[in-house]
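The primary structure of each chain is shown beneath.
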Amino acid sequence: MLSSAAASARTAEDLAAGLARFALASGSPEQSLTYSRNLDGYPGAWLKAQALMALGQTDRASILLQRQIESEHQRGAAALLLARIALDEDEEAVAQQRFQIAAGAGYGEVRQQALYELAELERRAGHRDRAGRILSGMEAGYWTALGYMNLAADYSQQDLNPARALVALRVALAMSEHDTVSDRNRNLRSQLLMRAGYLSYRNEEYEKAIGFLEQVPLDSYHTPRALYFHGLALTARDNHRGAMQSWHRAKKYPLAYPGVQDAWLGMGRGYDLSGYLGQAGEAYLAASASYESERVTLRNLASQIRQQGAWQTLVKDTRDSEVQWFLADSRTLTQPRLAYLLGFLEDPAAQDLMGKVSDLASVEASLEEKANNLEVFRAALKDRLETPANPVNGRAEAFLARLESLRDRLEGLKDKSGRPAQLETLNRSAKTLQDVEASLALLGGSLANRDARLELLLRKTEAVLTRIRGLRSRAASIRRRAEGRLDGMALAFVSRHDDQLVHALDKTEQQIAHLYEYLALETLERGGQ
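Everything quoted here is computed from the prediction, not taken from an experiment.

**Student:** Just checking my understanding: could you explain the overall build of the chain for this structure?
**Tutor:** In terms of regular secondary structure, the chain is built from 21 helices and 0 strands. Buried positions account for 39% of the 529 residues belonging to the chain. For the chain, contacts bridging at least 24 residues in sequence account for 58% of all contacts bridging at least 6. As displayed, the chain has an accessible area near 30400 Å², and 51% of this comes from carbon and sulfur atoms.

As structure tokens, then:
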């Protein structure tokens with residue numbers, strides 16, 4: 001059995017490991033590192049490695065992860081992390097070896113991720129058959145579905161006939177049904193259904209396209225584009241009324257979403273094909289007005305980005321102004337600024353840069369909080385130093401005098417005592433007085449050295465505070481540089497959207513001109529008759 005001291009130490013280690021896991025899961029790797037610093041063995045090394053990875057300290061993490069691979073615990077997960085480090089450093093051969101270790105030693109999600117990454121390496125190298133063989137040996141789930149979706153994208157670019165791509169997408173849809181993470185699965189299935197519907201429409205399989213597109217949820221980022229192609233497929237089946245209903249629903253979304261601009265044009269085209277030329281003209285004019293209004297919105301957005309920065313404009317303002325947007329499903333996708341943010345984050349480079357700015361802002365806020373705490377602590381130390389310790393000395397001398405008097409009385413009682421029991425009691429009392437006198441002497445020494453120790457602690461506090469302020473200044477400088485790059489990317493994104501609206505305006509004006517020309521010719525023909 002464990003002694004009480006050993007059991008207490010084990011409890012303290014378990015508590016520290018639990019706190020480190022919670023900090024890591026809640027997005028505070030620096031706190032996780034603090035909790036796990038004194039942990040030995042497997043849990044400590046593994047938690048430290050994960051925290052260091054989250055903090056971007058891959059060199060230090062690699063040493064711990066390599067040791068983890070050689071141990072008995074988390075070998076697959078450690079190999080997976082090492083493989084991703086190698087991928088980031090463009091060492092694909094090393095990454096492939098480590099992914100193979102992860103696939104062999106890991107299980108569950110770790111094994112599936114490793115096999116998916118191996119298939120991706122083969123696919124990017126042009127070996128699609130090898131990638132397919134790896135995917136066929138995987139368990140059904142998210143990673144398998146994602147792999148087949150990527151294969152389908154390659155097939156659609158390579159083949160004139162989308163048959164192979166559609167087969168891959170159907171397999172991906174079947175695999176996605178086994179994913180138990182609902183949000184992730186819903187987003188992936190929306191993408192798969194959208195792509196399958198588009199490829200079916202392009203292959204003139206309109207009924208299949210309609211079937212796929214009707215399954216896209218209405219609360220998905222891909223919904224507006226799905227509604228637009230759904231309308232096109234219905235038009236191809238001469239169902240202009242149904243097509244216009246789909247486009248009318250797509251028009252309710254912000255113009256930032258793919259498919260919405262075309263849906264506005266589609267309404268005019270639908271009225272035209274249905275023979276309602278007056279309504280067609282009104283629809284084209286409404287589309288033109290909508291595009292012009294959106295260009296004003298984009299100019300205002302660009303102006304705010306130049307003044308406040310993209311991080312403030314697209315992220316913080318959106319989050320602050322739409323605090324309760326998630327409480328109502330009908331409002332999820334109808335916020336224009338949120339729509340532009342989602343569109344902007346489709347670019348992986350924008351995602352990476354946005355993540356860096358977010359991390360730097362968190363680091364800066366954490367350092368600010370620590371600096372404020374240290375400033376409060378420093379003020380408390382200064383207040384304590386200004387409080388004199390001298391009044392205790394008089395009371396200590398009086399107390400020592402009383403102790404001396406008590407000791408003399410005990411000695412007198414010892415001389416008079418004749419029974420052993422009384423003598424033992426008096427001896428214990430004398431020992432107690434001796435201990436009290438020793439404690440009082442220590443207290444006096446501590447009080448005498450109090451100011452020196454407080455001054456030393458104050459100097460250390462000021463040194464740490466100076467270091468934290470320097471780190472905060474450095475983090476702020478790095479964040480400003482990253483925000484500058486983010487601003488440039490965001491302004492380029494807004495400019496591209498403005499160009500698209502200009503192109504849409506041109507098409508609208510052309511449609512209006514053709515419509516008026518047709519109406520003029522028809523009027524002339526009637527006059528000639």
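Next comes the rest of the account.
**Student:** Looking at this structure, I do not really get the pattern of salt bridges. What am I missing?
**Tutor:** Side chains bearing opposite charge may pair, as long as their charged atoms lie close to each other. Enumeration according to the criterion identifies 18 salt bridges in this entry. Close ionic contact of Arg123 with Glu120 constitutes a salt bridge, the shortest N to O distance being 2.8 Å. With Arg123 and Glu120 both in helix α7 (residues 109-124), this residue pair falls 3 residues apart, about one helical turn. Neither residue differs from the other here; Arg123 and Glu120 are each classed as buried. With a shortest N-O distance of 3.1 Å, Lys208 and Glu205 are connected by a salt bridge. Judged by relative accessible area, which is 41%, Lys208 ranks as partly exposed. Owing to a relative accessible area of 23%, Glu205 belongs among the partly exposed residues under this scheme. Through salt bridges with shared partners, a single ionic network connects Glu120, Arg123, Arg124, Arg128 and Asp154.

**Student:** Would you explain the nonpolar core in this entry?
**Tutor:** Proteins that are soluble and globular tend to have nonpolar side chains buried together. One finds Leu65, Phe99, Trp247, Tyr291, Leu314, Phe344 and Leu486 to be the most contacted residues of the largest nonpolar core, which totals 111 residues. By size, the runner-up hydrophobic cluster in this structure holds 6 residues, among which are Ala371, Leu374, Leu465 and Ile468.

**Student:** Is there a simple way to think about unusual backbone geometry in this case?
**Tutor:** For residues besides glycine, phi is generally negative; the peptide bonds are generally trans as well. In this structure, Gln74 takes a positive phi of about 55° despite not being glycine. By the element assignment, Gln74 lies in the loop between α4 (58-69) and α5 (75-88). Of note, Asp90 is a non-glycine position whose phi angle comes to about 60°, a positive value. Looking at the element boundaries, Asp90 is found in the loop between α5 and α6 (92-105).

**Student:** What should I look at first to understand the packing of aromatic side chains in this one?
**Tutor:** The description of an aromatic ring pair rests on the distance of the ring centres and on the angle between the ring planes. In total, this model carries 11 aromatic pairs according to the counting rule given. A centroid spacing of 5.3 Å and a plane angle of 65° characterise the contact between Tyr228 and Phe229, whose relative ring orientation is edge-to-face. When its relative accessible area of 15% is taken as the criterion, Tyr228 is described as buried. Given a relative accessible area of 14%, Phe229 falls into the buried group. Of the aromatic side chains, those joined through ring pairs into one cluster are Tyr198, Tyr201, Tyr206, Tyr228, Phe229 and Trp247. The ring of Tyr142 has Arg184 sitting right over it, with the charged end atom 4.1 Å from the ring centre. The ring of Trp264 carries the charged tip of Lys251 above its face, separated from the ring centre by 4.4 Å.

**Student:** Help me understand the packing of helix α9 (residues 142-158) against helix α11 (residues 182-202) in this model?
**Tutor:** Helix packing for two helices is described by the angle between their axes and how far apart those axes are. At a closest axis distance of 11 Å, the pairing of α9 and α11 adopts a crossing angle of 25°. Considered as vectors, α9 and α11 are oriented roughly parallel to each other. As for the relative orientation of α9 and α11, their crossing is left-handed in sense. Between α9, through Tyr142, Trp143, Ala145, Leu146, Met149, Ala153 and Ser156, and α11, the contact on the second element is made entirely by Arg184, Leu188, Gln191, Leu192, Arg195, Leu199 and Arg202. Considering only residue class, the contact of α9 with α11 consists of 9 nonpolar, 2 polar and 3 charged.

**Student:** Explain a negative patch on the surface here, please?
**Tutor:** On the surface, Asp59, Asp88, Glu89, Asp90, Glu91 and Glu92 cluster together to form a negatively charged patch. As for its position among the elements, Glu91 is in the loop between α5 and α6. On the basis of relative accessible area, Glu91 is assigned to the partly exposed category, the value being 36%.

**Student:** Can you help me understand the packing of helix α3 (residues 41-54) against α4 in this one?
**Tutor:** α4 packs onto α3 with a crossing angle of 145° between their chain directions and a minimal axis gap of 8 Å. Crossing geometry of α3 relative to α4 is assigned as left-handed. For the pair formed by α3 and α4, the contact residues are Tyr42, Ala45, Trp46, Lys48, Ala49, Leu52 and Met53 on the first element and Thr58, Arg60, Ala61, Leu64, Leu65 and Gln68 on the second.

**Student:** Would you explain α11 in this entry?
**Tutor:** Along an α-helix, a turn takes 3.6 residues, which lines up residues three or four apart on a common side. Taking 1.5 Å of rise per residue, 21 residues should cover 30 Å, and α11 covers 30 Å from first to last C-alpha, within 8% of that figure. Listed as buried for α11 are Asn185, Leu188, Ser190, Gln191, Leu192, Leu193, Met194, Ala196, Gly197, Leu199 and Ser200. One or two residues past the end of α11 sits Glu204, with phi positive at roughly 60°.

**Student:** Can you help me understand the confidence of the model for the chain in this one?
**Tutor:** Low pLDDT means the predicted atomic positions in that stretch should not be read closely. Put simply, the chain has an average pLDDT of 85, and 84% of its residues get 70 or more. Here residues 322-331 is a poorly scored stretch, pLDDT under 50, and it has 4 contacts once near neighbours within four places are set aside; other chains count.

**Student:** Would you take a moment to explain the environment of Leu515 for this structure?
**Tutor:** Mapped onto the elements, Leu515 comes out in helix α21 (residues 420-528). Residue Leu515 is classed as buried on the basis of its relative accessible area, which comes to 6%. For the pair Leu515 and Gly278, spaced 237 residues apart in sequence, the C-alpha to C-alpha distance is 9.3 Å.

**Student:** When you look at a nonpolar patch on the surface in this model, what are you seeing that I'm missing?
**Tutor:** On the surface, a cluster of nonpolar side chains totalling about 270 Å² of accessible area is made up of Leu15, Leu19 and Tyr35. In this fold, Leu19 is placed in helix α1 (residues 4-25). By relative accessible area, Leu19 is classed as partly exposed at 33%.

What counts and what doesn't
Residues numbered from 1 in each chain as written. Predicted model: local features only at pLDDT ≥ 70, side-chain atom pairs only at ≥ 80, totals over all residues. Heavy atoms only, no water. Helix = DSSP H or I, 4+ residues; strand = E, 2+ residues; numbered from the N terminus. Buried < 20%, exposed > 50% of the residue type's maximum accessible area, 1.4 Å probe, protein only. Contact = heavy atoms within 4.5 Å. Areas by Shrake-Rupley, 256 points an atom, 1.4 Å probe, with all protein chains shown as cover. Salt bridge = Lys/Arg side-chain N within 4 Å of Asp/Glu carboxyl O. Core = buried A, V, L, I, M, F, W, Y, C linked by side-chain atoms within 4.5 Å. Phe/Tyr/Trp six-rings, centres within 6.5 Å; stacked < 30°, edge-to-face > 60°. Lys NZ or Arg CZ within 6 Å of the ring centre and 35° of its normal. Axes fitted to C-alpha atoms, helices over the stretch in contact; angles between N-to-C directions. Parallel < 35°, antiparallel > 145°, perpendicular 65-115°, else oblique. Left-handed = near helix turned anticlockwise from the far one by under 90°. Nonpolar A, V, L, I, M, F, W, Y, C, P; charged D, E, K, R; others polar. Patch = residues over 30% accessible without salt bridge, like charges linked within 9 Å, V, L, I, M, F, W, Y side chains within 5 Å. Lys, Arg positive; Asp, Glu negative; His and termini not counted. Charge placed at Lys NZ, Arg CZ, Asp CG, Glu CD. Expected span 1.5 Å × (residues − 1). pLDDT = per-residue confidence, 0-100.

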